[in-house]
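Fold and contact review
Take a look at the letters that make up each chain.
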Amino acid sequence: MTAGTKLSNPSTYPGSQGYPRNQWYVAAFSNEVVTGSLLQRRLLDTPVVLYRTESGEAVALHDRCPHRGLPLSAGKQIGDRIQCGYHGMEFGTDGRCALIPSQSTVPGALSVRSYPLVEKWQWLWIWMGDEAAADPALIPDHDWLGLTRKGYSAVPWFMMEMGGNYVYLHDNLQDTSHVTFLHPGILDDGELAGAPFSVDEDAQIVRLTRKVSGLKFPGPVAHFFRVDENRTYDRTLTTETFAPSISLAKQSLQDAGDSTIPPVEFYALNALTPASMRSTYVFHTVATSYEAAFQEADFDKGRVILGQDKVATEILQQRFDEYGETEERSVRADKAGILVRRMIADMIAREADPQAPALAAAIPATQDA
Amino acid sequence: MTAGTKLSNPSTYPGSQGYPRNQWYVAAFSNEVVTGSLLQRRLLDTPVVLYRTESGEAVALHDRCPHRGLPLSAGKQIGDRIQCGYHGMEFGTDGRCALIPSQSTVPGALSVRSYPLVEKWQWLWIWMGDEAAADPALIPDHDWLGLTRKGYSAVPWFMMEMGGNYVYLHDNLQDTSHVTFLHPGILDDGELAGAPFSVDEDAQIVRLTRKVSGLKFPGPVAHFFRVDENRTYDRTLTTETFAPSISLAKQSLQDAGDSTIPPVEFYALNALTPASMRSTYVFHTVATSYEAAFQEADFDKGRVILGQDKVATEILQQRFDEYGETEERSVRADKAGILVRRMIADMIAREADPQAPALAAAIPATQDA
Amino acid sequence: MTAGTKLSNPSTYPGSQGYPRNQWYVAAFSNEVVTGSLLQRRLLDTPVVLYRTESGEAVALHDRCPHRGLPLSAGKQIGDRIQCGYHGMEFGTDGRCALIPSQSTVPGALSVRSYPLVEKWQWLWIWMGDEAAADPALIPDHDWLGLTRKGYSAVPWFMMEMGGNYVYLHDNLQDTSHVTFLHPGILDDGELAGAPFSVDEDAQIVRLTRKVSGLKFPGPVAHFFRVDENRTYDRTLTTETFAPSISLAKQSLQDAGDSTIPPVEFYALNALTPASMRSTYVFHTVATSYEAAFQEADFDKGRVILGQDKVATEILQQRFDEYGETEERSVRADKAGILVRRMIADMIAREADPQAPALAAAIPATQDA
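Given the structure is predicted, the values throughout are model-derived calculations rather than measurements.

1. Focus on the overall build of chain A
Counting its regular elements, chain A contains 5 helices and 17 strands. Relative to a compact globule of 369 residues, whose C-alpha radius of gyration would be 21 Å, chain A shows 23 Å and is just as compact. Seen along its three principal axes, the alpha-carbon backbone of chain A occupies a region of about 75 × 55 × 35 Å. Sequence separation of at least 24 residues holds for 58% of the intrachain contacts in chain A that already meet a minimum separation of 6.

2. As for the relation of the copies chain C and chain B
It takes a turn of 120 degrees to lay chain C on chain B, together with a shift of 0.2 Å along the axis; the resulting RMSD is 0.0 Å. The relationship between the two copies is best expressed as a three-fold rotation axis. Ranked by how close their C-alpha atoms come to the rotation axis, the residues of chain C are headed by D321 of chain C, at 11 Å.

3. Some points on the interface of chain C and chain B
Contact residues are listed per partner, giving 24 residues for chain C and 21 residues for chain B. For the side of chain C that touches chain B, the elements supplying multiple residues, two or more each, are α2 (179-182) and α4 (296-323) of chain C. Here the element with the most residues in the side of chain C that touches chain B is α4 of chain C; it accounts for 5 residues. For the side of chain C that touches chain B, the class distribution of residues is 10 nonpolar, 7 polar and 7 charged.

4. Notes on the pairing of strand β15 (residues 246-255) of chain B
Residues and elements named next belong to chain B. The pairing of strand β14 (residues 233-242) with β15 spans 10 bridges and is classified as antiparallel. Bridge assignment links T236 to a residue of β15, and that residue is S252. Hairpin remark: β14 followed by β15, antiparallel, with 3 residues in the connecting loop. Across 8 bridges, the pairing between β15 and strand β16 (residues 264-276) is antiparallel. Its bridge partner lying in β16, L253 is registered against V264.

5. Looking at the domain arrangement of chain A
Residue and element names in this part refer to chain A. You can read the domains of chain A as domain 1 (34-118) and domain 2 (140-362). Each of domain 1 and domain 2 has a C-alpha centre, and the two are 36 Å apart. With 4 residues of domain 1 at the interface, the matching set in domain 2 holds 4 residues. Considering only residue class, the side of domain 1 that touches domain 2 consists of 2 nonpolar, no polar and 2 charged.

6. Description of the confidence of the model for chain A
Residue and element names in this part refer to chain A. Taken as a whole, chain A shows an average pLDDT of 92; of its residues, 95% reach a score of 70 or greater. Throughout residues 1-5 the model reports pLDDT below 50, and contacts reaching past four residues in sequence, or to other chains, amount to 7 contacts. Confidence drops under a pLDDT of 50 for residues 361-365, and excluding neighbours within four residues, the segment shows 10 contacts in the predicted structure. As scored by the predictor, the complex reaches a pTM of 0.93 and an ipTM of 0.92.

7. Overview of the nonpolar core
The tendency in soluble globular proteins is for nonpolar side chains to be buried as a group. The biggest cluster of nonpolar side chains holds 252 residues, and the ones touching the most others in it are A27 and I126 of chain A, A27 and I126 of chain B together with A27 and I126 of chain C. Filtering out sequence-adjacent residues up to four positions away, I126 of chain C remains in contact with Y25, A27, L43, A60, Y115 and L117 of chain C.

8. A look at the sheet that holds strand β2 (residues 39-43) of chain B
All names here are of chain B. Strands sit in the order β2-β3-β4 across an open sheet of 3 strands; the sheet is antiparallel. A strand with exactly one partner marks an edge of an open sheet, and here the two such strands are β2 and β4 (58-62). Taken over all neighbouring pairs, the strand axes of this sheet differ in orientation by 30 degrees on average, direction set aside.

9. Some words on helix α5 (residues 335-352) of chain B
Residues that lie three or four places apart on an α-helix share one face, since the helix turns once every 3.6 residues. Residue and element names in this part refer to chain B. Between its terminal C-alpha atoms α5 stretches 26 Å, which fits the 26 Å expected from 18 residues at 1.5 Å a residue. Regarding α5, the residues found buried are K335, A336, G337, I338, L339, V340, R341, R342, M343, I344 and A345. If you follow the buried residues of α5, they end up packed against α1 (166-174), β12 (197-201), β13 (205-215) and β14.

10. With respect to the pairing of β2 of chain B
All names here are of chain B. As paired elements, β2 and strand β3 (residues 46-52) share 5 bridges and run antiparallel to each other. Along β3, the bridge assignment pairs Q40 with V49. Following β2, the chain reverses through 2 residues before pairing antiparallel with β3; L44 in that reversal takes a positive phi of roughly 50 degrees.

Here is what the cut-offs are and how they apply
- Residues numbered from 1 in each chain as written.
- Chains lettered and ligands numbered in written order.
- Predicted model: local features only at pLDDT ≥ 70, side-chain atom pairs only at ≥ 80, totals over all residues.
- Helix = DSSP H or I, 4+ residues; strand = E, 2+ residues; numbered from the N terminus.
- Rg over C-alpha atoms; globule rule 2.2 N^0.38 Å.
- Contact = placed C-beta atoms within 7 Å.
- Least-squares fit on C-alpha atoms with pLDDT ≥ 70 in both.
- Nonpolar A, V, L, I, M, F, W, Y, C, P; charged D, E, K, R; others polar.
- Pairing = 2+ DSSP bridges.
- Domains from an automatic or database assignment.
- pLDDT = per-residue confidence, 0-100.
- Core = buried A, V, L, I, M, F, W, Y, C linked by C-beta atoms within 7 Å.
- Buried ≥ 20, exposed ≤ 12 C-beta atoms within 10 Å, placed from the backbone.
- Axes fitted to C-alpha atoms, helices over the stretch in contact; angles between N-to-C directions.
- Expected span 1.5 Å × (residues − 1).

Here is the structure:
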C-alpha cells in the first residue's frame, strides 16, 4: 500500500454491522395495507404480518403462529382477528390468542408480539426494537420531508425491493457524483459529478450540497422537473440522510434570470427498510413545490432511475457474496457517505452499550483528508 | 413467559434430531421399479438405485460407483447387472463388481452396498441401517394396515415428494384438528376440529381417536367416502402412527339409523420416507372396506388434500431455514403428535445407546397438562 | 475393507486441494476479446476483466473498482481505459486510476492489479500468481501442442464452461477407457476400453498411450477423423497432460497396409482453467496433420462429445456437494490420472513450501499395484 493512503474502515463495509433496531422504519405505504388482506413482510430479519381492522386501524403482528409456526399471513382475517390457516387459532390486534377451536380454554401465554405502528402521511412506521423506547416523536418531521409542508404536493410513487444491503443504498444516494454515470442523460447533462460541494451534519442528519450555476436543462430533464428548457437555472442539489432509514434528495432550481421567481423544488425521498442483511425495501416518494400532476411516464422514469440503483446495489451484493472483497479507497466525494456509515455504526454500537465511543475518530474518511 | 406455560421441547423440533436407521421404510411402490430401468432415490440422505432383474426380483444398491463416483443410476441395466456409464464396470445384484472392461481381473474389494429389500403388497420396504438387524418381521402388519385384509380393497394412489422434514408431516397427520382449516370443505363440514378425542399408545404405535355423532355429509364429502348424503352417520376418525414411517388415518362411518349395517371404512395411508432432513417421499395409498372403483376425480381430490399438506410442510421448512425459530406452544390436541415425536426421538437415542432413557418424562406435553 | 485393497488418496479428491497459482492458464481465445467490449471472467476464484486497446493489445485487469467495488466490466471502454459505471473513475492498461470526475487530483494508491497476459497462437495466457515469477518460457511449447507445427492446421473450436472441479476433467481426459462408454459409437467401435496401454511421465507431463492394431472405422468415426472407412489402420491414442491446465489427446492413425503413407494425426486439445473449485472453462481446440476444412457438423460432434464429459463432470460435482462421499477405488487404467493428481498436488504444496516432499510415495495408485 502506498504511504499516506486512506482506506475506508472494513468494519463499516455494508453487511458488516447489522441495523439499529431502536428506530422507526417505514413498513409499508398506507395503501398497501387493506382490510381483509394480510401483507407479509420481512423487516430487520423478522417476519411481520400487516393488516387493517374493520374500522381501518393498521396492525403489525409477528408473522408466526406460536403453536406450530405457520405464518399467520398464510391464514385469513376474520373480523379484527387473524385466523391461522393450520389449526384455526385466532389472534387479536394485541397479539393474544382469542380462540382455539380444538379446546374451550385459551392459555394466557399463547400470543404473538404486536409491534408499535404509527400511520403518518401515507407511511406506516414500525418499531422493531425495545417497545418501551418506541416514542413517535422520534419519527422524522414530515414537514421537513416535504410530505405535509404547506404548498407542497406529495405522492407515494412505488415500492421497490432491492437485493442488497441498505448501506449500499445510502452510499449510492448520499454521493451524487454517481448521477452522471449511473443515470446518464436522465437527471443531469454531465455537470453533477464535477460540481463543487459541501458537507455538514447534525445529530442524526448528514447533508451534502452541490451547486451548479447557469444551467440549461435538456428537454427530457426539464420536463421531469417541470422547468422551462429555454431558461437558465442555478441548481442546488442537497442530499440529506436521516439515519438510519430516510434519504431525501432536494432539487432546488432557481431561475438565473429572475430572482423574484421562487425556486422550483423537487424532493425525491427514499425510505430504506432492511428486509435482511441482503435485501432492502425502498419506498420511493416525490414531493414538489408545485402541483405536478405526475403521469405514468414520470413514474416510469422513476422506475428507470431506481432500477439503475437496484442493478448497482445487487451487483455489489452479489460480488461481496461471491468474492468477499471489502477493501475500499475513498475520495473526497465519499465524505458524506462515510459520515452516514459512522452514524449508523454508532447507533448500533450504542444499542449494545450506551457508553460506546463514537466511531468518528476511528474511521479515516478519504484519500485526501 | 407466563408462569405455568408448557413449551414443546426444542430438541424434538422437526429437523433437530435425524432419523432412526434401523427401521424399514418404503423405498418405492412396486410399479415404480421396472426391469430395464434404473430408479434413483435419495433415502435417509443416502443415494440408492432401484431396479428389477429379468426374473422380476427387485434390487437396491448404493447409487455410487466405487471407482470414480458416478451414480450407477446414470448407467444402464445389462442382464441382471448395472453397467456404470463412465468406464463400463458392471455390478451384480449383490453389489459386487463382475467386470472391468479395461482389465482382465476384478479386485474383490470393488463393490457397492446392496440394501435388504422386501416386496410386500405393492410396497418395496428397504432397510438402510445395520444389516444384521434387518428382520422382515419388523415390517408393520399389512392386515392391520388394511392392505391385505379380507374383504378390503387397497390401491396405491400416488407418490408425492414434499420439501420438508418428515416430522412436520407426522405432526400434521397425527393432529386431525387441522382438517377443518387446512382442508376446508373437503373432509368435513367444520366439525372435526372441535370433536372430543382420546389418545393412547403402545410400543411403536400412537393412536388418536375423534368421534362425531349424528352427522350428515355434504355431497362432495359423501361421494368421496361413498356414503349416502341423505343419511346420518356416527363418524370415528382414528389416526395411528406406526413410528417412524407409517401414518394410517381410518375413517369409520356407522349408519346412525341402522346399527345392523356394517360401517363404511376408508383408510388413508401415508408411508413417510425421509429423503433428507428437508425432504420426504410420501407414498399415498387408500384401502376401503368396499370396492370403490376409484376414478381420476378421486385421485385428484387426494392430490388436492396432500397438496395442501405439502404447502404447509414446505412453508414450515422454508420458515425454519430462513428464520430458525423453533419455539412452540402445545395445546391438548398436540398430545398424540408429541408422543410420536418422543417415540422417534427415543428410537434415535437408542440406536446410539441402547440404554438411553426414554424422553417421555423430559418433554412436557401441553399447555394444560 | 478387504485386505490388500488400495484406495485413492482422499487428499487428492477433486475439490480437496485448490489450484496452483504460479502457472499460466488460458484466459480466453483471442477472438473472444475485442476492442470496445469488456469480457468478464472468473479465473481461479478471482474476478478479471479482459479487453483490447485501440491498437489491439489485450489487457487483463482485476475486475473490481478499488473505490466502491463495482465490477469494471459493468462500465465501458473509453479509448484505452475502462470507465467505471458507477462514479466514472477511469483506469488505464496498467491498472492505475487516471481520472476521478469528482475531483481534480488522483491519489497514487488508486489502482487495480493488472495481470500478465501473453497472446500466443489464438490463446490469451494469463498469470494469476506471483508476478515476479511470470516467465513466458513456462507456457507449454505450441509446436509440441500442434498449434504452430509446420504442416499442421489448428482451429479454435469453442469454449464450454462446466460446473465441476477441473480435476474431474483431468481424470476424465487422462483415462481413455471411458471413451467406449461415455461416448458410445462416436470415437471408437468399442475397442478402446480394453486396449493395452503404457504410462510414463516427465517433470510436468503425464502420458498414457493406447494402441489398437488392424482397425476399421465405422463411417461416422472415419469421417470425423478424415480417414477411409474401407481401409485398415493401426491406431495410437496418446493422452498427454501438461499440468495443471493442458490436456492433449493425439490420435495417430497409420494405414496398416501401407507404411509409407504418413499417419493421419488428429489432436484434440482442452485448456482447462478453473473458474472456481466448482466450475471450469474448457477451451477446446483441434489441430490436424492435414487441412480438414471443418464444418458445422464437425463442431457439433465436438459439442456432443464435450457435452457428455460436461454431464459426467457436473453429476460428480453435484453428488460430491450433495453427499460428500470421496472414497474411490482405483484400477490399473487410473494410473495416469493419479499421476496428474499428484503432480498438481505437488505444485500446490510447493507454492506453499518449496521444500514440500513429493506426494508420489504417499499415494497408492491402483488395486493391482
